[in-house]
Amino acid sequence: MTIVTGKAEARRRLQSGRSGVLWKMWEHRADYAYVLPAIAVMLIVIAYPIYYTIELSFFKTPPGLQLRDKIYVGFDNYTNILTSPVFWKVTWNTMIWTLASTFISFVLGFGSALALHRDFIGRGVLRAILIIPWVISAVAASYIWKWIYHSDFGVIGAVLVGLGLADRPPNFIDNVSTVLPSLIVVNIWREFPFAMIMMMAGLQTVPEQLLSAAKVDGASAWQRFWHVTFPHLSSVSTVTILLLAVANFNSFIIPWIMTGGGPSNASHIWITHIYELAFGRQLWGVASAYSVLLFLILMTLGYFYVRALSGNERKEGSA
Amino acid sequence: MTRITLGGAVLRGTVSAALVVSLMSASALGAPPVDLSKWSPEYVRSIAGTQDFDTAADCGKVTPLDYKGRLTFWYQGVFEGDPDLLRQYYKEFFETFRKTYPNIQLEEQALTYNDLLDKFRTALLGNAAPMAVRLQILGGTEFAAKGYLQPLKPEDVGYSTEDFWPGAMKAVTWDGVTYGIPTNNETMAFIWNADIFKRAGLDPDKAPATWDDVVKYSKQIHDKLGISGYGLVARKNAGNTPYRFMPQLWAYGGGVFDEATANPTYKEVELNSPQSKAALQASYDMYVRDKSVPVSALTNQQADNQPLFLAGQLGMMVSHPSDYNVMLDLQKKATGTDKDKAQTVIDNMRYGLIPTGPDGKRAVVFGGSNIHILKPEYVEGGKVDEPAAKAIICMWTSPEWSLKMAYAGSNPGNLNGFKTKWMKERLDSIKFLDVTTSMLPYGIPFPALPQSPEIMNIIVPDMLQNALTGAMTVDQAADDAAEKVKSLVEGKL
């Protein structure tokens, strides 16, 4: 009779577990071979640039020198960024831009999805119309909005002056106080259809039987929404919000085309400021340090995104 | 039909010998093909059409016409603010080049003024630059200082250094070596709408004499007619901003450094001098105090002022001679009553010299473009086809093409261009050309420093925006900008 101690059993299980993993990997060797080219490409186009950006963030790159003649400055770029008032102004802008755009786009998108989920005449047409802002080119939309907002002969200004509601056209994008909210409006206009589509897809998964049962049990419309619909949409909501947040952090086209970050840096967000530092001012080192900071934030968001997705999978798996 | 109204201003604008000399570097004091000391509208007319040139034959001596090769070439091309006439000449140039050199495989790429520097810098970082490039005047020094460009002087393509404006040669010289050849050189002029002047109670045929007058006129136009007086431009990262603000800055006696002097050293930063602050104050007075300029000045560029001017909603602006042709192009596209309104504006369009500062100093940016050849190690494929590059450079900088490619908006880089029959034709067909050629002797080149693009495209517009938005006072904005320039030049950033 063999006596197996708890310790020995644990070791045995671990070893068999390890060999099991290796065996599984061997069994799936063809699958790994299939994804190997993709991994190799990712290493070249993602991993190397990340490494190079981190490396560059420790160097100074004066305009009179080539990049290869860069000067090592340690953490100076990070110190300069974090002690620069412009950085904090741009960070504040980025937070407002991201939070306001994400939150309002989501709320509007969710509301539209709920409205369009109901059956009524013209629903298809309305759906198509509401998706337009999302499908048209961001560049074209930016130019159009620039003319709509134009401080001297914009459409809004002309209408307001024409109706006698204003003496002169309102100043939307040439004013440090109004420029960021004005750009956020454009961003929301462009993004809310994305949230709408995501939430409409989510609404399709809410079981009709549950809603009918709740109705039979006397639940009000709000109670049916809050206790049945909303819990079913929590996962898709999380993913939508995270995707919107990441997209907004990286949003470049609208602020760059409409204002170039101005006036007086009032509409610069991180990504446009990084672009200006790198390509306008050739401060590659400072821009790289900025990018590293942005990368860390986005990776954190990415982590939560993956966790949210995994949570969904687990829920679906256990269902 | 519009009559050219030069008046006393143009007479006073004939050669200022001191300023002409200021444009001359010691090396260029040779025998130019035209007499710069006689420069005046009359002189320009007298030399136009006096000499014939055979471009193909001249360039054939540099690169044989049957030469077989391949050339990649980027250039600052025509954009939305340029007249159709210029578009036509650009098209013709490349067609002619292909006919003249049928065995050179030319791969050209046009980029706008604002995009070219960014794209070119990025390409250089990846050793993917073109073999030859035509850059704005502001860019040459930066890339020469970084060692990206091959030495290239007019003699390498069959011309003489004296064939080009001495001030323009400064912009392609770094550390005593020449790295490029000017293709065109331009100076802007002052444009106003005589009808608006008349309705505002101003003399319709007289341009404001000083920048202080511009401030006064702008206010008077705005107060009486409710429209914008002067077309201020203060967008960041747009070439239009320094081209319009620097003449004002220099006229008041200010500058970024001492670039407006005869022998600049670029040692002391003068952006926060009392004179520079006075120039900034003038912009502040127009934008903030009087609200007499377009509100959109902070996000717009000159291309946005053009339709405003054509619509009769803008009284004055600083621009190229080409703006007359641009107005004609825009007028053709107008419909209904807008067409007639536009024609009225065109009929009332007047050109004059750019106003002076309080001390009578007149200045304008000596603008233009240069053409360069890259070093092979920075070029895609690691090879430069020098004969092919020299062939296109010879053609573009020839008297014929340096004039045609600048037909409506600029002036030939090659001074011999002024002697061609096309110059004569141009003087007859392009209105107000006399005025802009009269401004040439007042031209001041941007500082020949690698930091110039950042100073002109970022720091100076930032200074304007900081003052005009109230983010800083005029003093603070000037001090902040001066500090940024100092840090940049000292390599602190």
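Definitions and cut-offs
Residues numbered from 1 in each chain as written. Chains lettered and ligands numbered in written order. Predicted model: local features only at pLDDT ≥ 70, side-chain atom pairs only at ≥ 80, totals over all residues. Heavy atoms only, no water. UniProt positions renumbered as here; feature names shortened; annotations may be inferred. Helix = DSSP H or I, 4+ residues; strand = E, 2+ residues; numbered from the N terminus. Contact = heavy atoms within 4.5 Å. Areas by Shrake-Rupley, 256 points an atom, 1.4 Å probe, with all protein chains shown as cover. Disulfide = S-S within 2.5 Å. Buried < 20%, exposed > 50% of the residue type's maximum accessible area, 1.4 Å probe, protein only. pLDDT = per-residue confidence, 0-100. Buried area = accessible area lost by both parts, 1.4 Å probe. Salt bridge = Lys/Arg side-chain N within 4 Å of Asp/Glu carboxyl O. Domains from an automatic or database assignment. Polar contact = N/O pair within 3.5 Å; in protein donor to acceptor, adjacent residues only side chain to side chain. Nonpolar A, V, L, I, M, F, W, Y, C, P; charged D, E, K, R; others polar. Pairing = 2+ DSSP bridges. Axes fitted to C-alpha atoms, helices over the stretch in contact; angles between N-to-C directions. Phe/Tyr/Trp six-rings, centres within 6.5 Å; stacked < 30°, edge-to-face > 60°. Lys NZ or Arg CZ within 6 Å of the ring centre and 35° of its normal. Parallel < 35°, antiparallel > 145°, perpendicular 65-115°, else oblique. Left-handed = near helix turned anticlockwise from the far one by under 90°.

- An unreviewed UniProt entry lists chain B under the name ABC transporter substrate-binding protein, with Mesorhizobium kowhaii given as the organism.
- Quoted verbatim from the Sequence similarities (unreviewed entry) field of the UniProt record, the comment on chain B reads "Belongs to the bacterial solute-binding protein 1 family."

- Chain A is annotated in an unreviewed UniProt entry as Sugar ABC transporter permease from Mesorhizobium kowhaii.
- The record held by UniProt for chain A lists under Sequence similarities (unreviewed entry) the comment "Belongs to the binding-protein-dependent transport system permease family."
- UniProt, in its Subcellular location (unreviewed entry) section for chain A, records the words "Cell membrane".

1. Details of the overall build of chain B
For step 1, the next point in the chain: On a plain count of helices and strands, chain B comes out with 21 helices and 14 strands.
For step 2, the next point in the chain: Oriented by its inertia axes, the alpha-carbon framework of chain B measures out at about 65 × 55 × 45 Å.
For step 3, the next point in the chain: For chain B, the share of sequence-separated contacts (at least 6 apart) that also reach a separation of at least 24 residues comes to 76%.
For step 4, the next point in the chain: Surface summary for chain B: the accessible area is close to 16,700 Å², and the carbon and sulfur share equals 50%.

2. Quick word on the state of the cysteines
All names here are of chain B.
For step 1, the next point in the chain: Tallying each qualifying case throughout the model produces one disulfide over all chains.
For step 2, the next point in the chain: In this model, Cys 59 is linked to Cys 394 through a disulfide, with the two sulfur atoms separated by 2.2 Å. Handedness of the Cys 59-Cys 394 disulfide follows from its S-S torsion of about -90°: it is left-handed. In this pair, Cys 59 is assigned in helix H4 (residues 55-60) and Cys 394 in helix H16 (residues 386-396), connecting sequence segments 335 residues apart. For the residue pair Cys 59 and Cys 394, the accessibility class agrees, reading buried in each case.

3. Some points on the confidence of the model for chain A
For step 1, the next point in the chain: Confidence in the prediction for chain A averages 87 pLDDT; 91% of positions are at 70 or higher.
For step 2, the next point in the chain: Averaged pLDDT values for the elements of chain A fall to 68 in helix H1 (residues 6-27) of chain A and rise to 95 in helix H8 (residues 179-204) of chain A.

4. Here's the deal with unusual backbone geometry
For step 1, the next point in the chain: The residue after Gly 262 of chain A, namely Pro 263 of chain A, is reached through a cis peptide bond having omega -5°.
For step 2, the next point in the chain: Position of Pro 263 of chain A among the secondary structure elements: in the loop between helix H11 (253-258) and helix H12 (270-280).

5. Focus: the UniProt feature "domain: ABC transmembrane type-1" (unreviewed entry) in chain A
For step 1, the next point in the chain: Under the UniProt annotation, "domain: ABC transmembrane type-1" (unreviewed entry) lies at residues 91-305 of chain A.
For step 2, the next point in the chain: The span residues 91-305 of chain A carries 76% helix and 0% strand; its end-to-end C-alpha distance comes to 22 Å.

6. Overview of the interface of chain A and chain B
Interfaces are often sized by the accessible area lost when the parts come together.
For step 1, the next point in the chain: Opposite the 36 residues of chain A that make contact, chain B presents 38 residues.
For step 2, the next point in the chain: Both faces combined, the contact of chain A with chain B buries some 3,100 Å², and carbon together with sulfur accounts for 50% of it.
For step 3, the next point in the chain: Seen at the junction of chain A and chain B, the total is two salt bridges.
For step 4, the next point in the chain: Every element with two or more residues in the side of chain A that touches chain B is listed here: helix H6 (138-149), H11 and H12 of chain A.

7. Quick look at the domain arrangement of chain B
Residue and element names in this part refer to chain B.
For step 1, the next point in the chain: Split into domains, chain B comes out as domain 1 (49-186 + 367-436) and domain 2 (189-364 + 451-489).
For step 2, the next point in the chain: The distance between the C-alpha centroids of domain 1 and domain 2 comes to 29 Å.
For step 3, the next point in the chain: At the interface, 25 residues of domain 1 touch 27 residues of domain 2.
For step 4, the next point in the chain: Carbon and sulfur atoms supply 61% of the area that domain 1 and domain 2 bury against each other, a total of about 2,100 Å² over both sides.
For step 5, the next point in the chain: The largest per-residue losses of area from domain 1 upon contact with domain 2 belong to Leu 138, Phe 432 and Val 435, which jointly make up 27% of the total buried on that side.
For step 6, the next point in the chain: Summed over the shared surface of domain 1 and domain 2, the number is one residue pair in polar contact (both at pLDDT 80 or more).
For step 7, the next point in the chain: Elements represented by at least two residues in the side of domain 1 that touches domain 2 include exactly helix H5 (84-100), helix H6 (113-125), strand E12 (367-373) and helix H19 (433-439).
For step 8, the next point in the chain: Looking at which element gives the most residues to the side of domain 1 that touches domain 2, the answer is H6, with four residues.
For step 9, the next point in the chain: In terms of residue class, the side of domain 1 that touches domain 2 is made up of 11 nonpolar, six polar and eight charged.

8. Comments concerning the sheet that holds E12 of chain B
Residues and elements named next belong to chain B.
For step 1, the next point in the chain: Pairing in this open sheet of six strands is mixed, and the strands run E2-E1-E3-E12-E6-E13 from one edge to the other. With partners counted over all chains shown, the strands left at the sheet margins are strand E2 (104-111) and strand E13 (411-412), one partner each.
For step 2, the next point in the chain: Both strand E6 (residues 181-186) and E13 contribute to a ladder of two bridges, which runs antiparallel. Counted as the bridge partner of Asn 185 is Asn 411 from E13.
For step 3, the next point in the chain: In the packing of H5 onto the sheet, the strands contacted are strand E1 (69-76), E2 and strand E3 (132-136), and the crossing angle to E2 comes to about 165°.

9. Quick word on the packing of aromatic side chains
For step 1, the next point in the chain: The tally for this structure, following the rule as stated, stands at 55 aromatic pairs over all chains.
For step 2, the next point in the chain: Centroid distance Trp 226 of chain A to Phe 230 of chain A: 5.1 Å. Interplanar angle 10°. Geometry classified as stacked. Of this pair, Trp 226 of chain A and Phe 230 of chain A both sit in helix H10 (residues 221-249), four residues apart, roughly one helical turn.
For step 3, the next point in the chain: With relative accessibility at 40%, the residue Trp 226 of chain A sits in the partly exposed group.
For step 4, the next point in the chain: An aromatic cluster of at least three residues, connected via ring pairs, comprises Phe 73, Tyr 75, Tyr 90, Phe 93, Phe 94, Trp 396 and Trp 401 of chain B.
For step 5, the next point in the chain: Positioned over the ring face of Trp 26 of chain A is Arg 29 of chain A, at 4.2 Å from the centre of the ring.
For step 6, the next point in the chain: Over the aromatic face of Phe 59 of chain A sits the side chain of Lys 70 of chain A, whose NZ or CZ is 5.0 Å from the ring centroid.

10. Observations regarding the packing of helix H11 (residues 240-251) of chain B against helix H12 (residues 274-289) of chain B
All names here are of chain B.
For step 1, the next point in the chain: Contact geometry of H11 with H12 gives a least axis separation of 8 Å together with a crossing angle of 130°. One finds that H11 runs oblique with respect to H12. Seen from above, H11 lies across H12 with right-handed handedness. Between H11, through Phe 245, Gln 248 and Leu 249, and H12, the contact on the second element is made entirely by Ser 276, Ala 279, Leu 280, Ala 282 and Ser 283.
For step 2, the next point in the chain: Grouping the amino acids of the contact of H11 with H12 by side-chain chemistry returns five nonpolar, three polar and no charged.

11. Things to note about the packing of H6 of chain A against H8 of chain A
All names here are of chain A.
For step 1, the next point in the chain: Where H6 contacts H8, the axes come no closer than 11 Å and their chain directions differ by 135°. Classed by the angle they form, the pair H6 and H8 counts as oblique. Every pair of crossing elements has a handedness; the one defined by H6 and H8 is right-handed. For the pair formed by H6 and H8, the contact residues are Ala 138, Ala 141, Trp 145 and Tyr 149 on the first element and Ser 182, Val 185, Val 186, Trp 189 and Arg 190 on the second.

12. Details of the UniProt feature "transmembrane region" (unreviewed entry) in chain A
All names here are of chain A.
For step 1, the next point in the chain: With numbering aligned to this structure, UniProt lists the feature "transmembrane region" (unreviewed entry) at residues 32-54, 95-116, 128-145, 233-258 and 283-306.
For step 2, the next point in the chain: Structurally, residues 95-116 is divided into 100% helix and 0% strand, and its ends, taken at the C-alpha atoms, are 31 Å apart.
For step 3, the next point in the chain: As a span, residues 128-145 carries 89% helix and 0% strand, and end to end its C-alpha atoms are 21 Å apart.

13. With respect to the side chain of Thr 63 of chain B
For step 1, the next point in the chain: You can see Thr 63 of chain B is positioned in the loop between H4 and E1.
For step 2, the next point in the chain: Sequence-distant contacts of Thr 63 of chain B, that is, excluding residues within four places in its chain, are made with Tyr 101, Pro 387, Lys 390 and Ala 391 of chain B.

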